[in-house]
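Summary of the model geometry
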Amino acid sequence: MTTRALVIGGGGVAGIAWETGVLAGLGEAGIAVTDADVVIGTSAGSTVAAQVTSGLTLTELLARQTDPALQVNELVPEISLPALWETIGKIGADATDVDDARRRFGELARSAKTVSEAERRAVILERLPNHEWPQQRLVIPAVDAETGRPRIFEKDSGVGLVDAVAASCAVPGIWPTTSIEGRRYLDGGIRSNENADLAAGFDRVLVLSVMDMPGAAQWGIDLDSQVAVLRAHGSRVEVIRADAASIAAFGPDPLDPASRTPSAAAGLAQGRSEAARVRELWA
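The sections below set out a description of the structure shown in this document. (Residues numbered from 1 in each chain as written. Predicted model: local features only at pLDDT ≥ 70, side-chain atom pairs only at ≥ 80, totals over all residues. Heavy atoms only, no water.)

**Some remarks on the overall build of the protein**
Heads up, the condition is: Think of it this way: any DSSP run of H or I at least four residues long counts as a helix, any run of E at least two long counts as a strand, and we number them from the N terminus. Radius of gyration here is computed from C-alpha atoms only, and the compact-globule reference equals 2.2 Å multiplied by the residue count raised to the power 0.38. Exposure categories follow from relative accessible area, calculated using a 1.4 Å probe and restricted to protein chains: below 20% of the type maximum is buried, above 50% is exposed, and the middle band is partly exposed. Only heavy atoms enter the contact rule, under which two residues are in contact if any of them lie within 4.5 Å. Computed with a 1.4 Å probe, the accessible areas rest on the Shrake-Rupley method; for each residue, only the protein chains presented here act as cover.
Helix and strand content of the protein: 11 helices and 8 strands. Relative to its length of 283 residues, the protein is compact, with a C-alpha radius of gyration of 17 Å against a globular reference of 19 Å. Reported as C-alpha extents along the three principal axes, the dimensions of the protein are approximately 45 × 45 × 40 Å. For the protein, buried positions account for 57% of its 283 residues. The contacts of the protein with a sequence gap of at least 6 include a subset with a gap of at least 24, amounting to 77%. Of the roughly 11300 Å² of accessible surface on the protein, 51% is carried by carbon and sulfur atoms.

**Some thoughts on the environment of D187**
Just so we agree on the cut-off: Here a polar contact is taken to be a pair of N or O atoms separated by no more than 3.5 Å, where protein atoms must pair a possible hydrogen donor with a possible acceptor and residues adjacent in sequence count only if both atoms sit in side chains.
By the element assignment, D187 lies in the loop between β6 (183–186) and β7 (204–209). Through-space distance from the C-alpha of D187 to that of V207 is 19 Å; in sequence the pair is 20 residues apart. In this view, D187 contacts S43, A142, V143, A167, S168, C169, A170, V171 and P172; residues no more than four positions away in its chain are not counted. Here the side chain of D187 touches S43 through a polar contact of 2.7 Å, side chain to side chain.

**Observations regarding the environment of A101**
As for its placement among the helices and strands, A101 is situated in helix α5 (residues 98–111). Taking the C-alpha atoms as reference, A101 lies 33 Å from P134; in sequence the two are 33 residues apart. Filtering out sequence-adjacent residues up to four positions away, A101 remains in contact with I91, A95 and W219.

**A word on the packing of helix α3 (residues 58–66) against helix α10 (residues 260–273)**
The following threshold applies: Only the stretch in contact is used when fitting a helix axis, every axis being a line fitted to C-alpha atoms; angles between N-to-C directions are given from 0 to 180 degrees. Nonpolar residues are Ala, Val, Leu, Ile, Met, Phe, Trp, Tyr, Cys and Pro. Charged residues are Asp, Glu, Lys and Arg, and all others, Gly as well, are polar.
Here α3 crosses α10 at 140°, and the two axes come no closer than 8 Å. Within the contact between the two elements, α3 uses L62, Q65 and T66 and α10 uses R260, T261, A264 and L268. Each residue belonging to the contact of α3 with α10 can be placed in one class, and the counts come to 3 nonpolar, 3 polar and 1 charged.

**Considering unusual backbone geometry**
Glycine aside, residues mostly have negative phi angles, and peptide bonds mostly take the trans form. The phi dihedral of S43 falls on the positive side, at around 55°, and the residue is not glycine. Structurally, the position occupied by S43 is in the loop between β2 (38–41) and α2 (44–52). Positioned with a positive phi, E181 is a non-glycine residue whose angle comes to about 55°. Exposure remark for E181: the relative accessible area of 54% places this residue in the exposed category.

**Concerning the packing of aromatic side chains**
What characterises a pair of aromatic rings is the spacing of the ring centres plus the angle enclosed by the ring planes. Put simply, the rule is: Centres within 6.5 Å are what make two rings of Phe, Tyr or Trp a pair, Trp counting through its six-membered ring; a difference in plane orientation under 30 degrees is then read as stacked, over 60 as edge-to-face, and the rest as tilted. When the NZ atom of lysine or the CZ atom of arginine is within 6 Å of a ring's centre and also within 35 degrees of its normal, the charge is said to sit over that ring.
Applying the stated criterion across every chain, the model contains 2 aromatic pairs. Relative to F250, the ring of W18 has its centre 6.5 Å away and its plane inclined at 90°; by these criteria the two rings are edge-to-face. Of the two residues, W18 is situated in helix α1 (residues 12–28) and F250 in helix α9 (residues 244–250); the sequence distance between them amounts to 232 residues. Taking the relative accessible area as the measure of exposure, W18 reaches 0% and is therefore buried. Taking the centre distance of 5.7 Å and the plane angle of 70° together, the rings of F153 and Y185 count as edge-to-face. One end of the pair, F153, is in strand β4 (residues 150–153); the other, Y185, is in strand β6, and 32 residues separate them in sequence. A relative accessible area of 5% means that Y185 is categorised as buried. Lying over the aromatic face of W282, R4 brings its terminal NZ or CZ to 5.9 Å of the ring centre. Here the guanidinium or amino end of R120 rests over the ring plane of W175, the centre of that ring lying 4.2 Å away.

**Comments concerning the side chain of T20**
Looking at where T20 falls in the secondary structure, it is placed in helix α1. Among the polar contacts listed, one links the side chain of T20 to the backbone oxygen of I16, at a separation of 2.7 Å.

**Examining α2**
In terms of residue burial, α2 counts as a mostly covered element, since 9 of its 9 residues are buried. Within α2, the full set of buried residues consists of A44, G45, S46, T47, V48, A49, A50, Q51 and V52.

**So, the nonpolar core**
The test is simple: To form a nonpolar core, buried Ala, Val, Leu, Ile, Met, Phe, Trp, Tyr and Cys residues must be joined to one another through side-chain atoms within 4.5 Å.
The biggest cluster of nonpolar side chains holds 72 residues, and the ones touching the most others in it are L23, L26, V33, F153 and L206. A per-element tally of this core places α1 first, with 8 residues.

Pasting the structure below:
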């Protein structure tokens, strides 16, 4: 029996909208990639992964990105993503290894002045149509803000879905860390922006990639490296990366809520254009 994994990477609110659009475009073509045996979602992708396994249709989820009356009231961060990327690049350049880099990101996250954890959690609550783990296997990575060690949340982890998504979306320096079982967690993208390696052992893997994280290739946690390993072990992998039109739709800051409508439209167009390639993979 052929097994399939859907991997959904990080990329801010623009990424959530774009990924939803891509999946909706594939769905229009009759390609049910959201029925994968496992859905792996990181950061913004954890929101999308929880949404597409919630029971709502892709049409309904797309409307939540494009219709202002249905859009979630997102907080507007004081720091732009380009400014954060510059900080992340400096941390990566100064770190001695990937574990040291993750600990430094944790220090940044714990010391940053942000909105309260309760305010941020309220946004995650509103984003998710269902606050319970789905029956479908859902995997959500995060990183311990003190030790830098990754933690992979699933239904049997004993952690609520909202907390898992909030942790995976806790961008260091922009959003507060998430408190779980006496520990503080930050963005799963600090482990890897897509965490495609968690799809090891699956026959077919589809990855949605919004953007590259600075310094990822330096530590071997970039998407290309992970895809190469998956293929070397027998997985057939296809990657949908945001194209030029989609990147233009994101605008200067993918964390800006105003980017949602154009990003969703660009994702929908790209999903339609990628349908033939994905159908061959998923068949």
